[in-house]
Every structure is written in C-alpha cells, then in structure tokens.
Amino acid sequence: MPRTSNRSSPGPRRAKAARPRARHSSGAPVALITGATRGLGRLVALALVRRGYRVVTCSTSATPPGLGELLHRRVDVGDPSAVDSFVRSVVAKVGRLDALVNNAGFANPPTPLPRTSEEIVRRSFATNVLGPYAFLRRLLPLMLRQPHGGVVINVASRAALVPVPGLAAYSASKAALLSLTLAAAKERDDERVAYFAVCPGGMDTGMRSALFGASDARRQLDPSHVAEVVVELASSRSIAGRRVRSGSAILITRDAGTRVLDWPEDERGYRGFLPP
Ligand SMILES: NC(=O)c1ccc[n+]([C@@H]2O[C@H](COP(=O)([O-])OP(=O)(O)OC[C@H]3O[C@@H](n4cnc5c(N)ncnc54)[C@H](OP(=O)(O)O)[C@@H]3O)[C@@H](O)[C@H]2O)c1
C-alpha cells in the first residue's frame, strides 16, 4: 500500500534572478537539464550551479541560459536524431552524468479532445514521453558505469494523476511519463540509479501564462519552490532530509505543499494521496 511519506510547505514566492556563484572543480558533479532557458528548467539549472554542479543544457533555441554551462545545444527533445547527437557530445566532452532532469515539456492550448488534432497529440507524446525516454535510454549506460550511479528526474505534472479537461493530450502524455518512471525503477530496484517523477500543480511560468493568462499564472505555485525539490532530490535523493524511494512520484501543489507518493504495489495505485 502506498504511503504518504512527507509533507512540506511551499517556499517564499519569487526567487531573485541573481547570477549564479559556481563553486565547481573538474571533479564536480554534472547535471543535464532539458529546457533550461526559461521557467522551471532555468531555476533548476541555476540552483544546481549554486550547489557546485556543472550543467549541460538544451532547448529549441540556440541561445544558452547563460549560467556558465559546460555545453548548450539547440535540440528538440522530440527529435531522436538530435538527442543522439547531443548525447554523443555530452559523453565525449563531459564523460560523466550525476543527474538527468527531463524538464522540457509541451502543453497544447486548451481544446476539447474531439477538436484536438492528431498533430497536437503526437507532439505532446514526442516532447513529453519520447524525449525523456530517448535521454534515459542513451544516458543510462553511463550512469550505470559510475560507482555512485545517478538520479533521473522526470518532470511530469499533477495532470498525470488528475487529468485536466481541455488538456487531454497533455494529461495523457504526463501520465505516460509517470508510468515510464515507475516501470524503470521497478525493473532495476537496486537504487543504483534512482528515478523520480516530480508532479507539480500549476506553476507561475510562461507555459501557464500562455495557456490560461498572466493573472491566472500569478496565482499558481512559485516554480522556485519546485526547483528546490528537484535539486534536493538530484543531490541527495531526499526531501526535507528524508530519503525518497526510487520510483516515487512527488506531488507539489500550492495548497497542500509537497507530498511523496510511494510507488503503487497494486491496482489501487496512488489513490488516497491526491489533494482533497
Ligand atoms: N507551468 C505549469 O503550470 C506546469 C505544471 C506542471 C508541470 N509542468 C511541467 O514543467 C516543465 C517545465 O515547464 P515550464 O512551465 O517551466 O515551461 P516553460 O516556461 O514553457 O519552459 C519550457 C522550457 O523548455 C524548453 N522547451 C520547450 N519545448 C522543448 C523541446 N521540444 N525541446 C527542447 N526544449 C524545449 C523551452 O525553451 P525553448 O522554447 O527555447 O525550446 C523552455 O526552456 C514541463 O515539463 C511542464 O510540462 C508545468
């Protein structure tokens, strides 16, 4: 039976957009963050750099996030050949990967399902499922070769657990990402590589603003709080000092804070752990 194993409350709103003060050396850990030019991904990359990580980033724009990253490439995560070539460069240039944060995501403009085009559904799954899968499959061998293993964090969504009307393609793709995370953890339950699915509710980022407007976005979660959770998981596999089991989903909402949903052992799944 799954357990609610942790709670914490959201942090203060709005992180300062200060330049990072990196403390890394050549032996410093390395994190790859997809979609790090804006929104949550940028905050995660910034916080990791502050913790002494060297970061590798990609997005569909060629402009790097400007965080002193080791490498930034223009990559559409839904394009397997672009992911291939990027991963080859990462392995050749860096040769080490401590954390993979599959953050880049696509959400369709809210539309009832019968009017949602096949192209939108394909793009949702290409970006939100096949992208993370491609990075995971290509980078797992590197993590498994390292004595200390690694951590994979897939940024899903609360919509993976509670589908959103008008966002059926998005919700379904995030549910698939959640399931992929759990299945990967169960396949190799030795914790050498730990897998987590972070499931935020609405966040105050460009994505939310584009979907529901700026005033709605301002009422949502502060993404820097979600970034802190991601970074703590990446660096210590824990939240608020408490170790989190590989395969867990971490649900973060503005009203209920952070809750760790242990993996489901039977068909009752994660039920009972959703916000009221
Ligand atoms: N915002 C929310 O309310 C919310 C809630 C729950 C979960 N999430 C999830 O959280 C993650 C981050 O969302 P966000 O709100 O920070 O989004 P955002 O503000 O739109 O930023 C998305 C980032 O991903 C990059 N990106 C988008 N598509 C890409 C692609 N195909 N290949 C590579 N990079 C790509 C973007 O840069 P370029 O445009 O330069 O490519 C940008 O850096 C997503 O997975 C999203 O689904 C968001």
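Keep in mind the model is a prediction, meaning the values are calculated, not measured. By convention here, each chain's residues receive numbers from 1 onward along its written sequence. A pLDDT threshold of at least 70 governs which residues receive local features in this predicted model, and a stricter bar of 80 or more applies before side-chain atom pairs are shown or counted, although totals over entire chains, interfaces and linings include all residues.

**Some details on the overall build of the chain**
Convention followed: Starting at the N terminus, helices and strands are each numbered in turn, a helix being any DSSP run of H or I of at least four residues and a strand any DSSP run of E of at least two. Neighbour counting defines burial: a residue surrounded by 20 or more other C-beta atoms within 10 Å of its own C-beta is buried, one with 12 or fewer is exposed, and intermediate counts give partly exposed, using backbone-placed C-beta atoms. The contact criterion used is a C-beta to C-beta distance within 7 Å, with each C-beta placed from the backbone.
Looking only at helices and strands, one finds seven helices and 11 strands in the chain. Among the 276 residues that make up the chain, the fraction classed as buried is 46%. Long-range contacts, defined here as pairs at least 24 residues apart, represent 65% of the contacts in the chain between residues at least 6 apart.

**Thoughts on the environment of Ala 169**
By the secondary structure assignment, Ala 169 is in helix H4 (residues 168-187). With 56 residues separating them in the primary sequence, Ala 169 and Leu 113 have C-alpha atoms 7.8 Å apart. In contact with Ala 169, other than residues within four places in its own chain, are Asn 108, Thr 116, Ile 120, Val 121 and Ser 124.

**A few points about the packing of helix H2 (residues 80-93) against helix H3 (residues 118-145)**
Two packed helices can be described by the angle between their axes and the distance between those axes. Put simply, the rule reads: Lines fitted to C-alpha atoms define the axes, with helix axes restricted to the stretch in contact, and inter-axis angles between N-to-C directions lie between 0 and 180 degrees. Roughly parallel here means an angle under 35 degrees, roughly antiparallel means over 145, roughly perpendicular means 65 to 115, and every remaining angle is called oblique. Whether a crossing is left-handed or right-handed is set by the direction in which the near helix is turned from the far one by less than a right angle, anticlockwise for left-handed and clockwise for right-handed. Residues are grouped as follows: Ala, Val, Leu, Ile, Met, Phe, Trp, Tyr, Cys and Pro are nonpolar; Asp, Glu, Lys and Arg are charged; every other residue, Gly included, is polar.
Following both chains from N to C, one finds H2 and H3 inclined at 25°, their axes separated by 9 Å at the closest point. As the angle between them shows, H2 and H3 are arranged roughly parallel. When the axes of H2 and H3 are compared, the crossing they make is right-handed. Of the residues in H3, those in contact with Pro 80, Val 83, Asp 84, Val 87 and Val 91 of H2 are Ala 134, Phe 135, Arg 138, Leu 139 and Leu 142. Residues that form the contact of H2 with H3 fall into these classes: eight nonpolar, no polar and two charged.

**Considerations on the packing of H3 against H4**
Their axes nearest at 8 Å, the elements H3 and H4 cross at an angle of 20°. Judged on the interaxial angle alone, H4 and H3 are roughly parallel. In this structure, H3 meets H4 at a crossing whose hand is right-handed. Contact residues: Ile 120, Val 121, Ser 124, Phe 125, Asn 128, Val 129, Pro 132, Tyr 133 and Leu 136 in H3; Ala 169, Tyr 170, Ser 173, Lys 174, Ala 176, Leu 177, Leu 180 and Ala 184 in H4. Class assignment for the residues of the contact of H3 with H4 results in 13 nonpolar, three polar and one charged.

**A short note on unusual backbone geometry**
Here the phi dihedral of Glu 191 falls at roughly 65°; this positive angle occurs in a residue that is not glycine. With respect to the helices and strands, Glu 191 occurs in the loop between H4 and strand E7 (193-200). The backbone phi angle of Ala 240 is positive, close to 50°, even though this residue is not glycine. For Ala 240, the position within the fold is in the loop between strand E8 (238-239) and strand E9 (242-243).

**What to know about the confidence of the model for the chain**
This is how the line gets drawn: Summary of the metric used: pLDDT quantifies the predictor's per-residue confidence within the range 0 to 100.
For the chain, per-residue confidence averages 89 on the pLDDT scale, and 88% of positions sit at 70 or higher. Scored below 50 in pLDDT, residues 272-276 makes nine contacts in the model with residues more than four places away or belonging to other chains.

**Observations concerning the site of the ligand**
How we decide: The criterion for a residue being near a molecule or strand is a backbone-placed C-beta atom within 6 Å of that molecule or strand.
Near the ligand, the surroundings consist of 32 residues, among which Gly 35, Gly 39, Thr 60, Gly 105 and Thr 205 are the closest. Taken together, the residues that form the shell around the ligand break down as 12 nonpolar, 17 polar and three charged.

**Examining the pairing of strand E3 (residues 54-59)**
Our working rule: Following DSSP output, two strands are said to pair if at least two bridges run between them.
Of all six residues in E3, six are buried, a share of seventy percent or more. A two-sided burial pattern is seen for E3, the buried positions comprising Arg 54, Val 56 and Cys 58 on one face and Val 55, Thr 57 and Ser 59 on the other. With five bridges joining them, strand E2 (residues 30-34) and E3 adopt parallel strand pairing. Paired with Val 30 across the strands is Arg 54, a residue of E3. Bridging between E3 and strand E4 (residues 71-74) involves four bridges; their strand directions are parallel. Bridge pairing in E4 places Val 56 opposite Leu 71.

**Things to note about the pairing of strand E10 (residues 248-253)**
Counting buried residues in E10 gives five out of six residues, a clear majority hidden from the surface. Pairing between E7 and E10: five bridges, direction parallel. When the sheet's bridge partners are listed, Val 198 is paired in E10 with Ile 250. One ladder, built from five bridges, connects E10 with strand E11 (residues 257-261); its direction is antiparallel. Paired with Ala 249 across the strands is Leu 261, a residue of E11.

**A short note on the nonpolar core**
Test applied: Take the buried Ala, Val, Leu, Ile, Met, Phe, Trp, Tyr and Cys residues, join any whose C-beta atoms are within 7 Å, and the set you get is a nonpolar core.
One finds Val 44, Ile 153, Val 198, Cys 199 and Val 230 to be the most contacted residues of the largest nonpolar core, which totals 82 residues. With nine residues, the single largest contributor to this core is H4. Once residues lying within four places of it in the same chain are set aside, the contact partners of Val 198 are Ile 153, Val 155, Ala 156, Val 226, Val 229, Val 230, Ile 250 and Ile 252.

**What to know about the environment of Arg 74**
Considering the arrangement of structural elements, one finds Arg 74 in strand E4. With 13 C-beta atoms counted inside 10 Å, the residue Arg 74 sits in the partly exposed group. As for Arg 74 and Gly 35, which are separated by 39 residues in sequence, their C-alpha atoms are 9.9 Å apart.

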